[in-house]
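Chain and residue survey
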Amino acid sequence: MTNQTVTDLIERSRRLGADRRNTNYAGGNTSAKGSDVDPVTGVPVDLLWVKGSGGDLGTLTPEGLAVLRLDRVRGLAGVYPGVDREDEMVAAFDYCLHGRGGAAPSIDTAMHALVDAAHVDHLHPDAGIALATAADGERLTAKCFGGEVVWVPWRRPGFQLGLDIAAIASGHPQAIGCILGGHGITAWGATSAECEANSLRIISTAQAFLDAHGKPEPFGPVIDGYQALPEQQRRERAAALAPLIRGLAGTDQRVVGHYTDTEVVLDFLSRAEHPRLAALGTSCPDHFLRTKVGPMVLDLPPGADLDTVRNRLRELHEQYRADYAAYYSRHADPDSPAMRGADPAIVLVPGVGMFSFGKDKQTARVAGEFYLNAINVMRGAEAVSSYAPIPESEKFRIEYWALEEAKLARMPRPKALAGRIALVTGAGSGIGRAIAHRLAAEGACVVVADLNPDAAAVVAGELGGPDVAVPVAADVSDPDAVAAAFASAALAFGGVDLVINNAGLSISKPLLQTTEQDWDLQHDVMAKGSFLVSREAARAMIEQGHGGDIVYIASKNGVFAGPNNLAYGAAKADQAHQVRLLAAELGP
């Protein structure tokens, strides 16, 4: 039987999570308190349903909820050993679970259990975090909300924060929620509808306050020469730079890229204050866990010579790695996890846009979305005050938190081709389609290239859509079309690591019936096409600096002679020898 409390919670969560003005992807959590029948005793028992660790509000299902005995969670306050040992309380949540199903309880479970309200929302709206990260956020919160929303100073998420918020809610009976310094908002209500309304009221009131009291250009004036390039020009430049940037960002571990050129990013990078603000880094834990403590920012104008830009990017990357290693050394203690990698997750290029990186396309895309949130937060904070994120030491405590390390350790092992980008020609049908499916199943991102764009789009959809595969129209005999296909790969995923020269056709005729057009067509597609594709692949792979694989789909007809296939067999023999020549030139 469906529990109405759970139904209402799921519906509320999805509505809140569907609007990114309310919270970021996989950020925030919601809860409801109610009762259900204990199958052991047959009598009702008070329960807490709360979004579990790692899920997304916008797509939450009942299976994504942790279900706990409310009396047992609240009973943990009696054995709480203090803030120095609060991490131990996460393991204690397991002893409070009601049944074996559901998601793992998150670090925010205590907040939801201890606040004396039936329904609680914890969200990360840009407007709320703008107030939370303003230098005088406490004063601004009072000015914006009066006593209706209360300021809670920054504290790392955990049991103590739950106690703090519960005390605030108890001591301010008129309050509908609070602003969490450096972090986000929490709202509560007696009913699910009231809680949702209070969350939306806090967010809309904060945004209206920023709009009414903010200065018009919080990022300062536009820097002469730093305006955004025209769309076609900036995307061409992005495609030219993406393989190098991806290679740099993947120095310690292979990554997939995502490119963003929204107006929010381009405007930020054109303004005088962007270097100072970018250097301050992000504040909300959900932000910097995905974007790292700060981005790498190119300090050259959009019109700079490409070779000059490439050289400067390499210099900045070396400096970024050194700075990150120093950050780790400043704050690590003997119990800290090993440094996970010193490369940037976000690279900002004025006039061009933002490159974000992660273990797969979704992670890279979400990292970019989080930095967009961070820009909005900076804008809001600077509009009414000055942006003041949490201290660097606190960022480190979260980034290298033992609980965060444990969460990473629970992640499934990556598939064999995770983090690799493949481009398959002739992938709209037949062997190419089968290869594309196998590569995607092994964890690769796939560029489905085919002469027939509709067929390519169908296969890309079969593979899972743009976080896994993108279609490109590609006549492999046309050098401009081949270059455009690789540019599309660079814009979609950051570059290419594995190329399958599969495009081909067979026209089998006796010698005297074979026309010059038959010969030219097969050699254009297979011999010339493979050459053009391999040449573009080599450009990208050399720029990335991490090697790669170029595979040719050859044929026994390229080795063994037979009647009625002179043009086809000769083209396949050409391909077979091309591979040997490429190995001699490009191999180790």
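None of these values were measured; they are calculated from a predicted model.

**Here we look at the packing of aromatic side chains**
Applying the stated rule across the entire model yields eight aromatic pairs. Measuring from ring centre to ring centre gives 5.7 Å for Y328 and F396, while their planes differ by 65°; the resulting arrangement is edge-to-face. With Y328 in helix α13 (residues 306-331) and F396 in helix α15 (residues 392-399), the pair connects residues that are 68 residues apart, well separated along the chain. A relative accessible area of 15% means that Y328 is categorised as buried. On the accessibility criterion, F396 (4% relative accessible area) is buried. An aromatic cluster is built from Y324, Y327, Y328, F396 and Y400, whose rings are joined through pairwise contacts. Sitting over the face of the ring of Y324, K292 holds its NZ or CZ atom 4.2 Å from the ring centroid. Sitting above the plane of the Y400 ring, R340 keeps its charged end 4.6 Å from the centroid.

**Re the pairing of strand β1 (residues 29-37)**
Bridging between β1 and strand β4 (residues 119-123) involves four bridges; their strand directions are antiparallel. Following the sheet pairing, T30 is matched in β4 by D121. Alignment of β1 against strand β2 (residues 44-51), held across seven bridges, turns out to be antiparallel. Residue pairing in the sheet places S31 in a bridge with V50 of β2. Once β1 ends, the chain turns through six residues before running back antiparallel as β2, passing G42 with a positive phi of about 75°.

**Some points on unusual backbone geometry**
In the Ramachandran plot, K292 falls in the positive-phi region, its phi being about 65° despite a non-glycine side chain. Inspection of the secondary structure assignment puts K292 in the loop between α12 (285-291) and β9 (296-297). Phi at N564 takes a positive value of approximately 70°, unusual for a residue other than glycine. Summarising the element assignment, N564 is placed in the loop between β16 (549-552) and α21 (566-586). Residue N564 is classed as partly exposed on the basis of its relative accessible area of 40%.

**Some details on helix α7 (residues 159-171)**
In this model α7 runs 18 Å from its N-terminal to its C-terminal C-alpha over 13 residues, within 8% of the 18 Å that 1.5 Å per residue would give. Of the residues making up α7, those classed as buried are F159, Q160, L161, G162, I165, A166, I168 and A169. Elements in contact with the buried residues of α7: α3 (88-93), α4 (109-114), β5 (149-152), β6 (177-180) and β7 (184-189).

**Notes on the environment of Y387**
The topology assignment puts Y387 in the loop between α14 (361-384) and α15. For Y387 and D136, which are 251 residues apart along the polypeptide, the C-alpha to C-alpha distance reads 9.3 Å. Here Y387 is in contact with T133, L277, L280, G281, T282, S283, V377, M378, A381 and E382, once residues within four sequence places are set aside. Among the polar contacts made by the side chain of Y387, one reaches the main-chain carbonyl oxygen of G281 at a distance of 2.7 Å.

**Quick look at the environment of G102**
Position of G102 relative to the elements: it lies in the loop between α3 and α4. For the pair formed by G102 and L348, sequence separation is 246 residues and the distance between their alpha carbons is 40 Å. Apart from residues lying up to four places away in sequence, G102 is in contact with E63 and L65.

**Regarding the side chain of N3**
Within the element layout of this structure, N3 appears in the segment before α1 (4-18). The buried category is assigned to N3, whose relative accessible area is 16%. Here the side chain of N3 touches S35 through a polar contact of 3.2 Å, landing on its backbone oxygen. Residues contacting N3, with those up to four places away along its chain left out, are S35, D36 and W49.

**A word on the sheet that holds strand β10 (residues 346-349)**
Within the open sheet, the four strands sit side by side as β8-β11-β10-β9. Their pairing is mixed. If you trace the sheet from one side to the other, it starts and ends with β8 (256-260) and β9, each paired once. Relative to strand β11 (residues 353-358), β8 runs antiparallel, the two being bridged by five bridges. Within β11, the residue paired with Y259 across the bridge is F355.

**Considering the pairing of strand β3 (residues 65-69)**
The buried fraction of β3 is high, at four of five residues. Both β2 and β3 contribute to a ladder of five bridges, which runs antiparallel. The residue of β3 that forms the bridge with K51 is L65.

**Notes on the pattern of salt bridges**
Opposite charge on two side chains lets them pair, provided their charged atoms get close. The tally for this structure, following the rule as stated, stands at 34 salt bridges. As a salt-bridge pair, R310 and E543 come within 2.7 Å of each other at their nearest N and O atoms. Highlighted residues: R310 in helix α13 and E543 in helix α20 (residues 516-544), separated in sequence by 233 residues. Connected through salt bridges with shared partners, the residues D38, R69 and D71 form a single ionic network.

**Some thoughts on the sheet that holds β16**
Spatial strand order, β14-β13-β12-β15-β16: five strands in an open sheet with parallel pairing. Strands with a single pairing partner mark the edges of an open sheet, and in this sheet they are β14 (469-473) and β16. The average angle at which neighbouring strand axes cross in this sheet is 15°, direction not considered. With three bridges joining them, strand β12 (residues 421-425) and strand β15 (residues 498-501) adopt parallel strand pairing. Looking at β15, one finds that V424 is bridged to I500.

**Concerning a nonpolar patch on the surface**
A contiguous nonpolar surface patch, about 470 Å² in accessible area, is contributed by L511, L512, W519 and L566. Among the structural elements, L512 can be located in the loop between β15 and α20. Take L512: its relative accessible area is 82%, and that puts it in the exposed class.

About the criteria used
Residues numbered from 1 in each chain as written. Predicted model: local features only at pLDDT ≥ 70, side-chain atom pairs only at ≥ 80, totals over all residues. Heavy atoms only, no water. Phe/Tyr/Trp six-rings, centres within 6.5 Å; stacked < 30°, edge-to-face > 60°. Helix = DSSP H or I, 4+ residues; strand = E, 2+ residues; numbered from the N terminus. Buried < 20%, exposed > 50% of the residue type's maximum accessible area, 1.4 Å probe, protein only. Lys NZ or Arg CZ within 6 Å of the ring centre and 35° of its normal. Pairing = 2+ DSSP bridges. Expected span 1.5 Å × (residues − 1). Contact = heavy atoms within 4.5 Å. Polar contact = N/O pair within 3.5 Å; in protein donor to acceptor, adjacent residues only side chain to side chain. Salt bridge = Lys/Arg side-chain N within 4 Å of Asp/Glu carboxyl O. Axes fitted to C-alpha atoms, helices over the stretch in contact; angles between N-to-C directions. Patch = residues over 30% accessible without salt bridge, like charges linked within 9 Å, V, L, I, M, F, W, Y side chains within 5 Å. Areas by Shrake-Rupley, 256 points an atom, 1.4 Å probe, with all protein chains shown as cover.

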